[in-house]
Amino acid sequence: MTPPIATLAVIGSGVMGRGIAQAAALAGCRVILYDIDQAILDAALTRIRASIDKGVRLGKTDPQIAERAKEAFLLTTQLPRAAQADLIIEAAPENLEIKRGIFRELDAHAPATTLFASNTSSLSITALAAVTQRPQRFLGLHFFNPAHIMRLVEVIRGDFTSAETLETGVDFVRRLGKTPIVCQDTPAFIVNRVARPFYGEALRILGEGQADVPAIDRLMESIGFRMGPFRLIDLIGSDVNFAVTKSVYEAFFHDPKYRPHPIQQKMVESGRLGRKSGVGFYDYREKRPT
C-alpha cells in the first residue's frame, strides 16, 4: 500500500497549476510549485494566497486552515528540486513533446517511489508514461477549471498503470474533497470527448451566421447549461480549447465530427484568448477577473 501523499509537486503555475496547488495546500499537503521563471512563480503564489483569502471572506474556508495553506508552498525553477515529492502532477501546455520532455527529466531525478501524473485533457497517458522508467506508477489526473472549485476529476488508467497507483490517485482526489471518476486511456477521455460537439456545433453556427455569440450562449444557458459554449471557451482559454480540439481530431484520425474550426485558429492568432488576455468572444477589460 502506497503511503498517503505528504508532498505534491505541481509542474506549471498557470491557471490549472495554481488551482491544483491551492486545493492540495488546503488539504494539508506541502506543495512544491515549479515554473520556468521566478517572477512567474511569485505572481502565481500571490494569486493563490489571494484566492485562499477570498475563500475565508466568503465563509468557505476555515481561517486556521487558510493560514497553514498559504505557508505550504515551496517555489522552484529547478525540475530536479521539483522531483523530490511523493506525487508530481504535470500541468504544462497541451503539447505531447513538451510534456514528454518534462517527464524524461523528472524521471531522472525523482525517487523510485514517486508517482507521476499528468493533468492532460486529451493526450495519451500511456504515450506520456512510455518515456519514463515507471509506467506502472504513472496515471492521469485531469482536473477541471477552476481546479480549486470544480469537484470532478478524471482519474485515467494508462495501459501500464498499476492497481495500487490507481487506488492512490483515487484516494488523493477524495482527500482534496473532489469526486474521482476512473477513465480508460482513450482520446479525450470522457468529458472532453463529450464537449467537442458542444463547442464545435456552436462554432459552426457562428461561422455560418445563423446566430451571434450572445444569442448562442443565452440559448444554451436557457436550457440548463451554467455557461454557454463561448463563455466557457473564454474561461478555459481559446488557446487551450484549440489545442485540445486539434489533439482530439488527430487522435481520432481526422474524424470530421471533431474537426477544429477556423474561428478557433483566428482567435488564438489574434491574441483573443479569453479572460486571461482580457478579450475573447467577450471583452473583460473593464473588470479583469481575479
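Quick caveat: nothing in here was measured; it's all calculated off a predicted structure. (Residues numbered from 1 in each chain as written. Predicted model: local features only at pLDDT ≥ 70, side-chain atom pairs only at ≥ 80, totals over all residues. Heavy atoms only, no water.)

Undergrad: How do you make sense of the side chain of S118 when you look at a structure like this?
TA: Considering the arrangement of structural elements, one finds S118 in strand 5 (residues 115-118). Taking the relative accessible area as the measure of exposure, S118 reaches 0% and is therefore buried. At 3.0 Å, the side chain of S118 and the backbone nitrogen of T120 are in polar contact. (Helix = DSSP H or I, 4+ residues; strand = E, 2+ residues; numbered from the N terminus. Buried < 20%, exposed > 50% of the residue type's maximum accessible area, 1.4 Å probe, protein only. Polar contact = N/O pair within 3.5 Å; in protein donor to acceptor, adjacent residues only side chain to side chain.)

Undergrad: How do you make sense of empty space enclosed by the protein when you look at a structure like this?
TA: With a probe scaled to a water molecule rolled over the atoms, the places where space remains empty come into view. Scanning all chains against the criterion turns up two cavities of 30 Å³ or more. Taken as a whole, the largest cavity spans an internal volume of roughly 80 Å³. Lining the largest cavity are R196, Y199, G200, L203, R204, T245, K257, Y258, R259, P260, H261 and Q264. The element best represented in the lining of the largest cavity is helix 8 (residues 191-207), accounting for five residues. Residues of the lining of the largest cavity, tallied by class, amount to four nonpolar, four polar and four charged. In this structure, the second largest cavity spans a volume of roughly 40 Å³. Considering the residues around the second largest cavity, the lining is formed by L203, I233, S238, N241, F242, Q264, M267 and F281. Element by element, the count of residues in the lining of the second largest cavity is highest for helix 11 (residues 238-251), at three residues. (1 Å grid on protein atoms, 1.4 Å probe; cavity = no way out; pocket = protein on both sides within 12 Å on 5 of 7 lines; lining within 4 Å. Points joined across faces, edges and corners; volume = space filled by probe spheres on them. Nonpolar A, V, L, I, M, F, W, Y, C, P; charged D, E, K, R; others polar.)

Undergrad: I would appreciate a short explanation of the pattern of salt bridges in the present structure.
TA: Once the charged atoms of two side chains with opposite charge are near each other, the side chains can pair. Enumeration over the complete set of coordinates arrives at eleven salt bridges. Between E71 and R49 there is a salt bridge; the shortest N-O distance is 3.9 Å. Of this pair, E71 sits in the loop between helix 3 (63-70) and strand 3 (73-76) while R49 sits in helix 2 (residues 38-57); the two residues are 22 residues apart in sequence, bridging distant segments of the chain. One salt bridge in this structure joins K99 and E90, with 2.3 Å as the shortest N-O distance. Classification of K99 by relative accessible area gives buried; the value is 1%. Looking at E90, the relative accessible area reads 0%, which means it is buried. The structure contains a network of salt bridges with shared partners spanning D53, E67 and K70. (Salt bridge = Lys/Arg side-chain N within 4 Å of Asp/Glu carboxyl O.)

Undergrad: How do you make sense of the pairing of strand 7 (residues 152-157) when you look at a structure like this?
TA: Every other side chain in a regular strand lies on the same face of the sheet, so the side chains alternate between the two faces. As judged from the four bridges shared by strand 6 (residues 138-143) and strand 7, these two strands associate in the antiparallel manner. The residue bridging G140 from the neighbouring strand is I156, located in strand 7. Taken together, the six bridges between strand 7 and strand 8 (residues 179-184) define a ladder with parallel strand orientation. Among the inter-strand pairings, I156 is bridged to a residue of strand 8, identified as C183. (Pairing = 2+ DSSP bridges.)

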